[in-house]
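Take a look at the letters that make up each chain.
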Amino acid sequence: GARAGTRGPHSVDAVVSVLDLHWANDVEGVLRQVRRALKPDGLFLAVLLGGETGHELTSSLVAAELERQGGVGTRASPMMHVADAGALLSAAGFAMPAVDTGFIQVEYDNAAAAMDALSAMGESAAPAGQEGPSLGAGGGRDALLAA
């Protein structure tokens, strides 16, 4: 499909973004590109991970890495809260943003099973420029098992 910005300004009826905005380094910039690509009264529909998504897993991994490796690597992209989403849409020029939330709880037997599921969804790539210990470094499996 077409990406925002590959056609002329105000040339698309709708832009749909599903579970990828949390990977953007400049969310407001992406939203501005989307707004510029949309025809007047065009539709932007996005589904994204936000709020406290994955906080239990992140907290467990941080504690395990501190204990087993003496430091913490970058674990996850920051998640957007609902108020931030509305503010970013407004800042990007959307005239009537509507933001809603939903909650789905998913449980796994252990951290390794959760990481396997994230990997299967394509959500296991570390952010660029990761610093410090990581689960892929020596001792990473030990930290994962401790989580």
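Keep in mind the model is a prediction, meaning the values are calculated, not measured.

Chemist: When you look at the overall build of the protein in this model, what are you seeing that I'm missing?
Modeler: The helix and strand tally for the protein stands at five helices and two strands. Mapped from its N terminus to its C terminus, the protein presents α and β elements in the order β-α-β-α-α-α-α. By the burial criterion, 24% of the 147 residues in the protein qualify as buried. When contacts within the protein are restricted to residue pairs at least 6 apart in sequence, long-range pairs at least 24 apart make up 77% of them.

Chemist: How should unusual backbone geometry be read in this particular structure?
Modeler: What you tend to see is this: most non-glycine residues have negative phi, and most peptide bonds are trans. Positive phi outside glycine occurs at Leu19, with the angle close to 55°. Tracing the backbone through its elements, the reader meets Leu19 in the loop between strand S1 (12–18) and helix H1 (27–37). Given a relative accessible area of 37%, Leu19 falls into the partly exposed group. Here Asp41, not a glycine, exhibits a phi torsion of approximately 65°, which is positive. Note on Asp41: relative accessible area 83%, which makes it exposed.

Chemist: Teacher, can you tell me more about the packing of aromatic side chains here?
Modeler: For any pair of aromatic rings, the description rests on two quantities: the centre-to-centre distance and the angle between the ring planes. Counting across every chain of the model gives one aromatic pair. For the cation-ring pair, Arg35 lies above Phe94, with the distance from its terminal atom to the ring centre recorded as 5.9 Å.

Chemist: What's the story with helix H4 (residues 111–120) in this structure? I'm lost.
Modeler: Along an α-helix, residues three or four apart share an orientation, since each turn contains 3.6 residues. If you check which residues of H4 are buried, you get Ala111, Ala114, Met115 and Ala117. In an axial view of H4, the angular spread of the buried residues amounts to 160°, which keeps them on one side of the axis. Projecting away from the buried face of H4 at angles above 90 degrees are the exposed residues Asp116 and Ala120. For H4, the capping residue at the N-terminal end is Asn110, with a side-chain oxygen 3.1 Å from the backbone nitrogen of Ala112. Among the residues trailing H4, Gly122 stands out with phi positive, at a value near 80°.

Chemist: When you look at the pattern of salt bridges in this model, what are you seeing that I'm missing?
Modeler: Pairing between side chains becomes possible if they bear opposite charge and their charged atoms approach one another. Using the criterion set out here, one finds two salt bridges in the structure. A salt bridge links Lys39 to Asp13, with the nearest nitrogen and oxygen atoms 3.2 Å apart. Highlighted residues: Lys39 in strand S2 (residues 38–47) and Asp13 in strand S1, separated in sequence by 26 residues. Residue Arg32 pairs with Glu28 through a salt bridge whose shortest N-O separation is 2.7 Å. Remark: Glu28 and Arg32 occur in helix H1; sequence separation between them is four residues, near one turn of the helix. The class of Glu28 is partly exposed, set by a relative accessible area of 26%.

Chemist: What is the right way to look at the side chain of Ser17 in this model?
Modeler: For Ser17, the position within the fold is in strand S1. Judged by its relative accessible area of 7%, Ser17 is buried. A distance of 2.4 Å separates polar atoms of two side chains, one belonging to Ser17 and the other to Asp20. With residues up to four places along the chain from it excluded, the contact list for Ser17 reads Phe44, Leu45, Ala46 and Val47.

Each value, and the rule that gives it
Residues numbered from 1 in each chain as written. Predicted model: local features only at pLDDT ≥ 70, side-chain atom pairs only at ≥ 80, totals over all residues. Heavy atoms only, no water. Helix = DSSP H or I, 4+ residues; strand = E, 2+ residues; numbered from the N terminus. Buried < 20%, exposed > 50% of the residue type's maximum accessible area, 1.4 Å probe, protein only. Contact = heavy atoms within 4.5 Å. Phe/Tyr/Trp six-rings, centres within 6.5 Å; stacked < 30°, edge-to-face > 60°. Lys NZ or Arg CZ within 6 Å of the ring centre and 35° of its normal. Arc of directions from axis to C-beta. Polar contact = N/O pair within 3.5 Å; in protein donor to acceptor, adjacent residues only side chain to side chain. Salt bridge = Lys/Arg side-chain N within 4 Å of Asp/Glu carboxyl O.

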